[in-house]
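Okay, here's what each chain looks like letter by letter:
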Amino acid sequence: QVHLVESGGGLVQAGGSLRLSCAASGRTVEILAINWYRQTPGKQREWVSTLKSGGDATYADSVKGRFTISSENGWNLVHLEMNNLKSEDTAVYYCSAKAYLRVGMVYDYWGQGTQVTVSA
């Protein structure tokens, strides 16, 4: 199993920056990729960014050029650096890990989320 804990959320003014972190523990060697998603009340969870085990990083168009995903010490910490924040970035941010549960079976693990609020 993989256990994920997000941190770093908070209240920031528009144009400001925050760095979210996702601390992974457990069978991190089985992780294939870590993703960041976000969700606002009444809306579906929205994909934000993915970091794959080969180092490839991808971003949603809405955050491209403003957000950067990176890892530290393998998969132990994955950061989402968010710059030039906008009010529409306000959401609960979740990290998820796609990892092998057993041979041939992949499972998505989720953290509990961290709130980001951007004030105008």
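See the structure above.
Note that the structure is a prediction, hence the values are computed from the model and not measured.

Glancing now at the overall build of the chain. If you tally the helices and strands in the chain, you get zero helices and eleven strands. Beginning at the N terminus, the succession of helices and strands in the chain can be written as β-β-β-β-β-β-β-β-β-β-β. Relative to the compact-globule value of 14 Å for 120 residues, the chain shows a C-alpha radius of gyration of 14 Å, a close match. Summarising its shape, the C-alpha atoms of the chain cover approximately 50 × 30 × 25 Å along the three principal directions. In the chain, buried positions account for 39% of the 120 residues.

On to the pattern of salt bridges. Applying the stated criterion to the full structure yields six salt bridges. Residue arginine 38 is joined to aspartate 89 by a salt bridge in which the shortest nitrogen-to-oxygen separation is 2.9 Å. On the criterion of sequence distance, the pair formed by arginine 38 in strand E4 (residues 31-39) and aspartate 89 in the loop between strand E8 (77-82) and strand E9 (91-102) is long-range, its members being 51 residues apart. By relative accessible area, arginine 38 is classed as buried at 6%. Taken together, the shared-partner salt bridges in this structure form one network comprising Arg38, Glu46, Arg66 and Asp89.

Let us look at the sheet that holds strand E7 (residues 67-72). Spatial ordering of the open sheet is given by E1-E3-E8-E7, a layout of four strands whose pairing is antiparallel. Each of the sheet's edge strands pairs with one partner strand only, and the pair in question is strand E1 (2-7) and E7. Strand-to-strand twist of the sheet, defined as the mean angle between neighbouring strand axes without regard to direction, takes the value 20°. As judged from the six bridges shared by E7 and E8, these two strands associate in the antiparallel manner. Paired with serine 70 across the two strands is histidine 79, which belongs to E8.

Let's shift gears to the environment of leucine 85. Looking at where leucine 85 falls in the secondary structure, it is placed in the loop between E8 and E9. Judged by relative accessible area, leucine 85 falls into the buried class, the value being 1%. Along the backbone, leucine 85 and alanine 120 are 35 residues apart, and their C-alpha atoms lie at a distance of 9.8 Å. Here leucine 85 is in contact with Val12, Ala14, Gly15, Gly16, Ser17, Leu18, Arg66, Phe67 and Val118, once residues within four sequence places are set aside.

This paragraph deals with the environment of cysteine 22. In this structure, cysteine 22 sits in strand E3 (residues 18-26). C-alpha of cysteine 22 to C-alpha of histidine 79: the two residues are 57 residues apart in sequence and 6.2 Å apart in space. With residues near it in sequence (within four places) discarded, cysteine 22 still touches Leu4, Val5, Glu6, Trp36, Asn76, Leu77, Val78 and Cys95.

Rules used in this analysis
Residues numbered from 1 in each chain as written. Predicted model: local features only at pLDDT ≥ 70, side-chain atom pairs only at ≥ 80, totals over all residues. Heavy atoms only, no water. Helix = DSSP H or I, 4+ residues; strand = E, 2+ residues; numbered from the N terminus. Rg over C-alpha atoms; globule rule 2.2 N^0.38 Å. Buried < 20%, exposed > 50% of the residue type's maximum accessible area, 1.4 Å probe, protein only. Salt bridge = Lys/Arg side-chain N within 4 Å of Asp/Glu carboxyl O. Pairing = 2+ DSSP bridges. Axes fitted to C-alpha atoms, helices over the stretch in contact; angles between N-to-C directions. Contact = heavy atoms within 4.5 Å.

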